[in-house]
Amino acid sequence: MSNFMRVMFVLCATFVLGMQNASASSVSCTNATDTQFVPSWGRVEVGTDQYSRYIIQYMYWDKIQRMQWLGTNGDSTFEPDAWFYNYGDQGGLAYGLAPAGYWYSDLPAPYVDTQFEDQFTVGLNQYLELNETAVTVGSGWAVLINPAKVYITVTRMTSGRGSSGWVKLSAQRGRQVPATCMTTWCSFGCDTNNNYQTIPFADHFTIPGCQQYNWLWDITVRRTC
Amino acid sequence: MFTLFFIILFLIVLAFLAIKIMQTLQARGSVLKVLMLIIVFATLFTVSSTSWTRDTTYNVAIVKPLEYGWPISFYFLDHPMKEVWQAPMVVWSNFFVSVSINASLWGGIFFLLAVSLRKRKVVIKPSSFKYFLMTLVIFILIMIVSIFVSKAIRVWKYPGMENPVTLPVNFSNPSYDAVQNSTNIKL
């Protein structure tokens, strides 16, 4: 086989493998109910300081049973997603666009989530835009999350075109693919019983501001801080 | 991990192609073959550059001209691959212009290199592992410089973004008062 043929072979293999990797947007998981991974309590603060806009999230599982799925799957991941409302045709302009700059979390193996594979639509000036922009810091090793401890995620973000807006929170469980890889590129959401909206857009929770929720922690309730 | 793997794989393929192009140019091979190789090289280089010119630590939408590949911004990889054929024309036009610019740029560089080496009576042989390694190192250097440049532009464009966000002072206390408030509601 000539060098040229060898190069072409590697080239084709690269494309095939790359496309397979890129198209794997979710993975199959064992069954779970919402009370086995959604935090019992959570709080979100969205605001701005002298440098940029930012989002802080707190989350808390009150007992080990509330995180049973996370704790019994060694390759589990968890993402407390925050989505900014950006439906321009309905008058919505996102307050935050994408994570940028400083970020921190005390979740195990934290990572800044990518907007890779999020659905773009053609917006103003022919630029592709997201109707909902995700700003998330997730955990690539959720099996190590402990109950009865308040966890925090914080990240700065680039500003959207809105001076205010709506935000929703959702709790997403997932798995490492391949197992033991804990970066954003290896965390895939589960294909079932996923994405429970702990604060939905329907609440019209306006940011900047602060809101907290209880999720089936005796009751499900949402209120301002 | 996957990203790094693909970037390295791409760079190896690019180095192979670069050597092949220069061999063909030195041997005064068919123009059609050279053109085809340069187009394949430019396409791969453009696709590859989408990975190494954006700051994956801080996600997308930071530095438009750099994050989506040299030299023109486009959103090829941010559109789901399974629907890439439905991508708006602006994506493809930007992509093809990027490929054309890269083909002209790199075609010129390879031509000058091949001519220069031939004048010095240096012949790149098909099994020339030394030149392959040299080319690979050059591409890796280009990638590293691009990463730093895109990072520098981000820091310049968004000053202060690296500063920590001030957290509530009582955060370090596990019995955080907000949880306490929730408990009150629960009770």
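All figures in this text were calculated on a predicted structure; none of them were measured in a lab.

**So, the overall build of chain B**
- What chain B contains, in helices and strands, is six helices and zero strands.
- Ordering the α and β elements of chain B from the N terminus gives α-α-α-α-α-α.
- In chain B, which comprises 187 residues, the share counted as buried stands at 33%.
- At a minimum sequence separation of 6, the contacts of chain B that also span at least 24 residues come to 66%.

**Comments concerning the overall build of chain A**
- Helix and strand content of chain A: two helices and 17 strands.
- Across the 225 residues of chain A, 45% fall into the buried class.
- For chain A, restricting intrachain contacts to residue pairs at least 6 apart in sequence, the fraction spanning at least 24 positions comes to 75%.

**Notes on the nonpolar core**
- Formed by 53 residues in total, the largest nonpolar core has its most connected members in Phe37(A), Ile55(A) and Val167(A).
- The greatest single-element share of this core, amounting to six residues, is contributed by strand E3 (residues 53–60) of chain A.
- If we skip the residues at most four places from it in the chain, Val167(A) touches Val44(A), Val46(A), Ala82(A), Trp83(A), Phe84(A), Phe205(A) and Ile207(A).
- One finds Leu17(B), Leu25(B), Phe41(B) and Phe139(B) within the second-largest nonpolar core, a separate group that totals 26 residues.

**Structural notes on the environment of Pro208(A)**
- Mapped onto the secondary structure, Pro208(A) falls in the loop between strand E15 (206–207) and strand E16 (209–217).
- Remark: the alpha-carbon pair of Pro208(A) and Gly165(A), spanning 43 residues in sequence, is separated by 7.6 Å.

**Quick look at the sheet that holds strand E11 (residues 150–159) of chain A**
All names here are of chain A.
- Reading across the sheet, the six strands line up as E5-E11-E3-E2-E16-E17 and stay open at both edges, with antiparallel pairing between neighbours. The sheet is open, and its two borders are formed by strand E5 (96–105) and strand E17 (219–224), each paired with just one other strand. Within the sheet, the average angular offset between the axes of one strand and its neighbour, ignoring direction, is 20°.
- By the bridge criterion, eight bridges tie strand E2 (residues 41–48) to E3 in an arrangement that is antiparallel. From the neighbouring strand, glycine 47 faces E3, where its bridge partner is tyrosine 54.

**A short note on unusual backbone geometry**
All names here are of chain A.
- Here isoleucine 207 and proline 208 are connected by a cis peptide whose omega angle stands at 5°.
- Here leucine 216, not a glycine, exhibits a phi torsion of approximately 50°, which is positive.
- Summarising the element assignment, leucine 216 is placed in strand E16.

**Structural notes on the environment of Thr220(A)**
All names here are of chain A.
- With respect to the helices and strands, the residue threonine 220 is situated in strand E17.
- Threonine 220 sits in the exposed class, given 12 other C-beta atoms within 10 Å.
- For threonine 220 and tryptophan 41, which are 179 residues apart along the polypeptide, the C-alpha to C-alpha distance reads 9.4 Å.
- Discounting residues that sit within four places of it in the chain, threonine 220 has contacts with Asn214 and Trp215.

**Here's the deal with the pairing of E16(A)**
Residues and elements named next belong to chain A.
- As paired strands, E2 and E16 are joined by six bridges and run antiparallel to one another. Residue pairing for E16: valine 46 is matched across the bridge by glycine 209.
- In the sheet, E16 pairs with E17 via five bridges, with the strands oriented antiparallel. Opposite tyrosine 213, over in E17, you have arginine 222 as the bridge partner.
- Linking E16 to E17, which pair antiparallel, is a turn of one residue; within it aspartate 218 sits at a positive phi near 70°.

**Regarding the confidence of the model for chain B**
Residues and elements named next belong to chain B.
- Counting all residues, the mean pLDDT for chain B is 72, and 63% of those residues have values of 70 or more.
- Within chain B, the element-level pLDDT minimum falls on helix H3 (residues 64–67), averaging 41, and the maximum on helix H2 (residues 31–52), averaging 85.
- Below a pLDDT of 50 lies the segment residues 75–84, which in the model reaches 20 contacts outside its immediate sequence neighbourhood of four places, other chains included.
- Prediction confidence for the complex, expressed as pTM and ipTM, is 0.68 and 0.76 respectively.

**Notes on the confidence of the model for chain A**
All names here are of chain A.
- The share of residues in chain A with pLDDT of 70 or more is 80%, and the mean pLDDT across the chain is 82.
- Counting contacts from residues 14–24, a segment whose pLDDT is below 50, to residues more than four positions away or on other chains yields twelve contacts.
- Segment residues 124–128: pLDDT under 50, and eight contacts once partners within four positions in sequence are set aside and those in other chains are kept.

The rules behind each value
Residues numbered from 1 in each chain as written. Chains lettered and ligands numbered in written order. Predicted model: local features only at pLDDT ≥ 70, side-chain atom pairs only at ≥ 80, totals over all residues. Helix = DSSP H or I, 4+ residues; strand = E, 2+ residues; numbered from the N terminus. Buried ≥ 20, exposed ≤ 12 C-beta atoms within 10 Å, placed from the backbone. Contact = placed C-beta atoms within 7 Å. Core = buried A, V, L, I, M, F, W, Y, C linked by C-beta atoms within 7 Å. Pairing = 2+ DSSP bridges. Axes fitted to C-alpha atoms, helices over the stretch in contact; angles between N-to-C directions. pLDDT = per-residue confidence, 0-100.

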